[in-house]
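# Structural overview for review
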Amino acid sequence: MVPEYAQRYRDLYQRHWWWRAREALLLRTLEQLSPPKGWDAILDVGCGDGLFFGELQRFGATLEGVESDPTLVSENGPWRRHIHVRAFDSSFQRASGYSLILMLDMLEHLADPLSALQHAVRLLEPRGRILVTVPAFEALWTSHDDFNEHRTRFTRARFARLAREAGMRIDSTRYFFYWTCPVKLAQRWKERFLPGVPAPAGIPPRWANRALYLPSRLEQTLLAPFPIPFGSSLLIVGGRAVDAGQ
């Protein structure tokens, strides 16, 4: 991660409308998926400093994270002992599998997302679940992707192909942040004719931050029953493909 962005990530996560709205959607999804007694063991891949752990802990008995970028992990952070600072590859193992694995906006940063997803599937318990979020549609690529060192954006079809190769069963998918699509398209066209220097996201003034948060939450609530075929992000829930035969 770009050092300048890494330094600001905690503040962005805790205050920026995009991260706040995404977390609300994730929590709602986990509440719907969670077994009555929660999951035995949860792994958050690309967890940073464990900023989601405070909410995530109520869903599982054991909570772990893995983060390959040491600049994102505070040595004195409240969740430090739960975080493995190392690469997420075949050398990362656990004696028993995880019952829930999260991969939240991290696959798009990888040169080889297939290997990471394959390894996550291998680490799952036979009936475990995977929850993934990724940015959607190459047509929405902007300087924000460049600055954040994204390598790709996904569609349902593209992720489905990746999942098949990785041995992942897809149970459900949904786009979200619908309303940001025309905004990103306008930004893309603007940058095509008036290119600038990529810069990190900033936190808008309080009134604007609130105004942008509200439509994001409203669409999650009001449009959730409808199969909207677009959005600037994609959420996928699945498991091991072999489960289908059990």
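Scroll up to find the structure this text is about.
Given the structure is predicted, the values throughout are model-derived calculations rather than measurements. (Residues numbered from 1 in each chain as written. Predicted model: local features only at pLDDT ≥ 70, side-chain atom pairs only at ≥ 80, totals over all residues. Heavy atoms only, no water.)

## Overview of the overall build of the protein chain
Looking only at helices and strands, the protein chain has eight helices and seven strands in total. In terms of overall size, the protein chain behaves like a compact globule, its C-alpha atoms giving a radius of gyration of 18 Å where 246 residues would be expected to give roughly 18 Å. The C-alpha extent of the protein chain, read off along each of the three principal axes, is 55 × 45 × 35 Å. Counting only residues that meet the buried cut, the protein chain has 49% of its 246 residues in that class. For the protein chain, long-range pairs separated by at least 24 residues make up 74% of all intrachain contacts whose partners lie at least 6 apart in sequence. Taken as a whole, the protein chain presents about 12,300 Å² of accessible surface, with 55% of it coming from carbon and sulfur. Taking the 31 positively charged and 26 negatively charged side chains of the protein chain as two groups, their mean positions are separated by 5 Å. (Helix = DSSP H or I, 4+ residues; strand = E, 2+ residues; numbered from the N terminus. Rg over C-alpha atoms; globule rule 2.2 N^0.38 Å. Buried < 20%, exposed > 50% of the residue type's maximum accessible area, 1.4 Å probe, protein only. Contact = heavy atoms within 4.5 Å. Areas by Shrake-Rupley, 256 points an atom, 1.4 Å probe, with all protein chains shown as cover. Lys, Arg positive; Asp, Glu negative; His and termini not counted. Charge placed at Lys NZ, Arg CZ, Asp CG, Glu CD.)

## Things to note about the packing of helix α4 (residues 113-123) against helix α6 (residues 156-166)
Packed helices, taken two at a time, are described by their axes: the angle between them and the distance between them. Here α4 crosses α6 at 55°, and the two axes come no closer than 9 Å. Considered as vectors, α4 and α6 are oriented oblique to each other. The crossing of α4 and α6 is right-handed. Contacts between α4 and α6 involve P113, L114, L117, Q118 and V121 from the first element and F159, L162, A163, E165 and A166 from the second. Considering only residue class, the contact of α4 with α6 consists of eight nonpolar, one polar and one charged. (Axes fitted to C-alpha atoms, helices over the stretch in contact; angles between N-to-C directions. Parallel < 35°, antiparallel > 145°, perpendicular 65-115°, else oblique. Left-handed = near helix turned anticlockwise from the far one by under 90°. Nonpolar A, V, L, I, M, F, W, Y, C, P; charged D, E, K, R; others polar.)

## Topic: helix α2 (residues 17-33)
Side chains that are three or four residues apart share a direction in an α-helix, a result of its 3.6 residues per turn. End to end, α2 covers 24 Å across 17 residues, agreeing with the expected 24 Å (1.5 Å per residue, within 8%). With twelve of 17 residues buried, α2 is to be regarded as a mostly interior element. Looking at α2, one finds that the buried residues are W17, W18, W19, A21, R22, E23, A24, L25, L26, L27, T29 and L30. (Expected span 1.5 Å × (residues − 1).)

## A closer look at the pattern of salt bridges
The full count for this structure, using the stated rule, is 13 salt bridges. Across the pair R94 and E64 runs a salt bridge, and its minimum N-O distance is 3.2 Å. One end of the pair, R94, is in the loop between β3 (83-85) and β4 (98-104); the other, E64, is in strand β2 (residues 60-67), with 30 residues separating them in the sequence. R94 sits in the partly exposed class, given a relative accessible area of 26%. For E64, a relative accessible area of 14% corresponds to the buried category. For D145, the salt bridge identified is with R153, shortest N-O distance 2.6 Å. The exposure class assigned to D145 is buried, which follows from its relative accessible area of 0%. (Salt bridge = Lys/Arg side-chain N within 4 Å of Asp/Glu carboxyl O.)

## What about the pairing of strand β7 (residues 233-240)?
In terms of burial, β7 is largely enclosed, as seven of its eight residues are buried. For strand β5 (residues 124-135) and β7, the ladder comprises six bridges, and the chain directions are antiparallel. The partner of T133 across the bridge, within β7, is L235. Relative to β7, strand β6 (residues 168-176) is paired through eight bridges, and the arrangement is antiparallel. In the sheet register, M168 faces β7, and the bridge partner there is R240. (Pairing = 2+ DSSP bridges.)

Geometric descriptors of this kind do not, in isolation, establish any biological role.
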